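# Structural overview for review
These are the residues of each chain, in order.
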Amino acid sequence: MEEWDFIAALKSEYLGNLDYRLSPADFVALEGELVLAGYGLEETEGLQYCRNISRLDLSDNRITNLYDLQELLHLEELLLSHNRIEELEYLKELRNLEILDLSFNEIEDISVLLKLDNLKFVDLRGNPMRQSGLIKELQRRGVVVVI
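Below, the structure is looked at part by part. Because the structure is predicted, anything quoted here is derived from the model rather than measured.

Thresholds, definitions, all that
- Residues numbered from 1 in each chain as written.
- Predicted model: local features only at pLDDT ≥ 70, side-chain atom pairs only at ≥ 80, totals over all residues.
- Heavy atoms only, no water.
- Phe/Tyr/Trp six-rings, centres within 6.5 Å; stacked < 30°, edge-to-face > 60°.
- Helix = DSSP H or I, 4+ residues; strand = E, 2+ residues; numbered from the N terminus.
- Buried < 20%, exposed > 50% of the residue type's maximum accessible area, 1.4 Å probe, protein only.
- Pairing = 2+ DSSP bridges.
- Axes fitted to C-alpha atoms, helices over the stretch in contact; angles between N-to-C directions.
- Contact = heavy atoms within 4.5 Å.
- Arc of directions from axis to C-beta.
- Polar contact = N/O pair within 3.5 Å; in protein donor to acceptor, adjacent residues only side chain to side chain.

## With respect to the packing of aromatic side chains
Going through the model one piece at a time under the given rule, you end up with three aromatic pairs. Measuring from centroid to centroid gives 5.2 Å for Tyr-67 and Tyr-90, while their planes differ by 85°, and the two rings are edge-to-face. Residue Tyr-67 is located in the loop between strand S2 (53-57) and strand S3 (77-79), and its partner Tyr-90 is located in the loop between S3 and strand S4 (99-101); the two are separated by 23 residues in the primary sequence. On the basis of relative accessibility, which here comes to 30%, the residue Tyr-90 falls in the partly exposed class.

## Focus on the sheet that holds S4
Strand order in the open sheet made by the six strands is S1-S2-S3-S4-S5-S6, with parallel pairing throughout. Both outer strands of the open sheet, strand S1 (32-35) and strand S6 (144-146), are each paired with one neighbouring strand and no more. Averaged over all neighbouring strand pairs, the angle between strand axes comes to 10°, with direction disregarded. For S4 and strand S5 (residues 121-123), the ladder comprises three bridges, and the chain directions are parallel. Across the sheet, the residue bridging to Ile-99 is Phe-121, located in S5.

## Overview of the side chain of Thr-44
By the secondary structure assignment, Thr-44 is in the loop between S1 and S2. Look at Thr-44 and you get buried, because its relative accessible area is 2%. Non-local contacts of Thr-44, meaning those with residues more than four positions away in its chain, are made with Phe-6, Leu-58, Ile-63, Asn-65, Asp-68 and Leu-69.

## Topic: helix H3 (residues 132-140)
Because the α-helix completes a turn every 3.6 residues, residues three or four places apart line up on one side. Looking only at H3, the buried set comprises Leu-134, Ile-135 and Leu-138. For H3, the arc enclosing every buried residue in end-on projection is 105°, short of the 170-degree limit, so these residues lie on one face. Of the surrounding elements, those touching the buried residues of H3 are S6. In the stretch just after H3, Gly-142 is the one whose phi turns positive, near 95°.

## Structural notes on helix H1 (residues 6-15)
Those residues of H1 lying buried are Phe-6, Ala-9 and Leu-10. What you see down the axis of H1 is that its buried residues fit within an arc of 100°, all on one side. The elements touched by buried residues of H1 are helix H2 (24-29) and S1. Between the side-chain oxygen of the N-cap and the backbone nitrogen of Ile-7 there are 3.3 Å, and the N-cap of H1 in question is Asp-5.

Listed below in structure tokens is the structure:
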């Protein structure tokens, strides 16, 4: 698998082979959907500037840290399946999040999900968590939980 960094993957996906240097203003101007699935990304430096996107697909990468996602306050849908994520703490401010796919990661603690008041669907398959009480609490709140 070829290694990409976030900015190179973004340029490849949206600019092809155009030789253009992206500025933070270009990232802020992005709206709607951002799909960077399958790039083998380990880091997402630069993603924090994409504040106006509402749907983000980072599935099938090698991401371990979600730090750069914490300011994406407009996110409604976040797809992170098949990564190497262990910690969800940086998702706690994503209050608009409705759909979350965390399947096939390394997540044990899902307590942060209780802070996401608008959450309607979460896929947790393939994670080593053992918090059935928290899953039941999410379901009581009306969240569809796939385990």
